[in-house]
Amino acid sequence: MTAVIQAQGLGKRYRRGVVEPQGMLRDSLARFARAPFAALRGPRQEEFWALRDVDLEVKEGEVLGLIGRNGAGKTTLLKILSRITRPTTGWAEIHGRVRSLLEVGTGFHAELTGRENTYLSGSILGMSKREIERKFDQIVAFAEIEKFIDTPVKHYSSGMYMRLAFSVAAHLEPEILLVDEVLAVGDINFQKKCLGKMGEVAKAGRTVVLVSHQLNQIRRLCERVAWVDGGRIRQSGPTHTVVSAYESAMSNGGPRGNTGRSSESPVGSGRFLRWKIASPDEEPHRLCTSGPVEISFTAEINKDISVGQQGIALFNADRQLIWGAAMDVRLRAGLTTFVYRFPSLPLRPGPYTWLVSLFDDGEEVDMWDAVPEMVVSTESYQHALDEWSGLLNIPTEFFIES
C-alpha cells in the first residue's frame, strides 16, 4: 500500500493574550509614570505550541485512530491535514480527494428547512448538487426525520438537528476522510448506526483518520493508533498496544500516577492501602496474560478482628458487576495482605475497578474502590462487531470435522 498522507516535523504555534491588571485610574497613571513606553504598548502575548515535531504516515485504505487528552493537539493536526490552517513548521502531503468531518452542523441555518439545510451543508462539505439529489432519500432515512424534513430546523430538538447534520456528513464519498469526535451524537441506537456507517466507510477501502475519546470505538474501527500527548506523538502502533498503554497512563492519573490510598483517608479500625497484580509480576496494575493470575490487597489493621468478613467485587468501565465474593476472616492487628488466585481472568480488554471491603462483626471497617484501575491489555478473541462482543474474552480453538 502506498502512503496517501505524509507529514514530517509538523508544528503549530499560537499566541494567547495575557490579561493585564486594570485597577483604578490612579493605578493606571502610576504605571504610566513608572514606565511610560511600556504602558503605551499593546497587551502582552505569550506563544505556545499546539503541535511540535509531529511525523505521520497513513497508507491507502488504512484506518488510523488519534487518541489523547483534551487539548493534546489532535484537532489541530486534523485542521492542518484538512488545509484549514497552515503549519508553523514542517510539511504535510495528501494524495487523494479529502473531506473532513470536524464539526457536526457545518453550514446549517436555523431559518432554513431540513431539506434546504441538507443541500446547503452538503455543498459546503464538498458534495455536488447531483450527488446530494442522488443520496437525499438515504440521508433523510438515516436521520429518521422524514416527517419533519420541510420544517425549519429552529423547531428541531437538539437530537433531530444533530442526527440530520451527521447524516449529511456521513454520506460523503471521499478517498480520504478526516473525522473529529462526531460519533457521540443522538441516542444509543443512533450512535450504533453512526458506528455502523463509519465501519462501512472503513470496509470500503477508504483511508480514515479518526479522533475519538470512545476507546471501544477506536478498538472496533482502527487498525493502528497514534497517541498524541502535549502536542507530540507519544506512541504509535497496533491499536491493542497503544490503547492499553493510554488506558494504563490515564488510570494512573497521569505521569506521576496514583498507586495507592491517600494518606489523608480516614483510618478508623483499619483501611486498605494498596493493591497489585502479584503474579505475573511484569506490571503491577496491567494484565497482559490470559493465564493464572494472583491479585493482592494490602490492608492496615489497627485492632484484632475475630468475626470478620472480607468482600471483593470487580466492575468494568460501565460499572457493571463482573464478579463478586466474600470470605470469613480472623485478623490480628498489623499489616495484612489478602491474595486472590485465579486460574484465568478472561476479561474483555479495557479498564476495570476492584472494590474491596472489610467488616468486623457486621460493622463496616473500610470499603475502597482500588486505585489505580486494572487495565486488561490481552489479545482480543471477540467478535469484530461491537454489538456481538460480550463481557468475557475467552480463547477458543475452532475446527471442522468432515
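Description of the structure in this document. Because the structure is a prediction, the values reported are computed rather than measured.

Looking at helix α5 (residues 129-143)
- Of all bends in α5, the biggest is about 55°, found at K135.
- Positive backbone phi, approximately 60°, marks E144, located one or two places after α5.

Describing the nonpolar core
- Counting residues in each nonpolar core, the largest one holds 45 residues, and the members touching the most others are I67, L164 and V208.
- Broken down by element, the residue count for this core peaks at seven residues, all from helix α6 (residues 158-170).
- Apart from the residues lying within four places of it in its own chain, the contact partners of V208 are E62, V63, L64, L177, V179, M198 and V201.
- The next biggest cluster of nonpolar side chains, apart from the first, holds 28 residues, and it includes F297, I301, L314 and A370.

Some points on the packing of helix α4 (residues 114-124) against α5
- Direction vectors running N to C along α4 and α5 enclose 130°, while the axes themselves pass 10 Å from each other. Judged on the interaxial angle alone, α5 and α4 are oblique. Relative to α5, α4 is oriented so that their crossing is right-handed. Here R115, T118, Y119, G122 and S123 of α4 come into contact with α5, specifically with K129, I132, E133, F136 and I139.
- Per-class residue counts for the contact of α4 with α5 are four nonpolar, three polar and three charged.

Considerations on the packing of aromatic side chains
- Applying the stated criterion to the full structure yields 13 aromatic pairs.
- Geometrically, the ring pair formed by F272 and F338 is tilted, given 6.0 Å between the ring centres and 50° between the ring planes. Here the residue F272 occupies a position in strand β10 (residues 270-279), and F338 occupies one in strand β15 (residues 334-342), the gap between them amounting to 66 residues.
- For F272, a relative accessible area of 1% corresponds to the buried category.
- Note on F338: relative accessible area 9%, which makes it buried.
- Counting every residue linked through ring pairs, the aromatic cluster contains W275, F297, W323, Y340, F342 and W354.

The rules behind these values
- Residues numbered from 1 in each chain as written.
- Predicted model: local features only at pLDDT ≥ 70, side-chain atom pairs only at ≥ 80, totals over all residues.
- Heavy atoms only, no water.
- Bend = angle between axes of the 7 residues up to and from the residue.
- Helix = DSSP H or I, 4+ residues; strand = E, 2+ residues; numbered from the N terminus.
- Core = buried A, V, L, I, M, F, W, Y, C linked by side-chain atoms within 4.5 Å.
- Buried < 20%, exposed > 50% of the residue type's maximum accessible area, 1.4 Å probe, protein only.
- Contact = heavy atoms within 4.5 Å.
- Axes fitted to C-alpha atoms, helices over the stretch in contact; angles between N-to-C directions.
- Parallel < 35°, antiparallel > 145°, perpendicular 65-115°, else oblique.
- Left-handed = near helix turned anticlockwise from the far one by under 90°.
- Nonpolar A, V, L, I, M, F, W, Y, C, P; charged D, E, K, R; others polar.
- Phe/Tyr/Trp six-rings, centres within 6.5 Å; stacked < 30°, edge-to-face > 60°.

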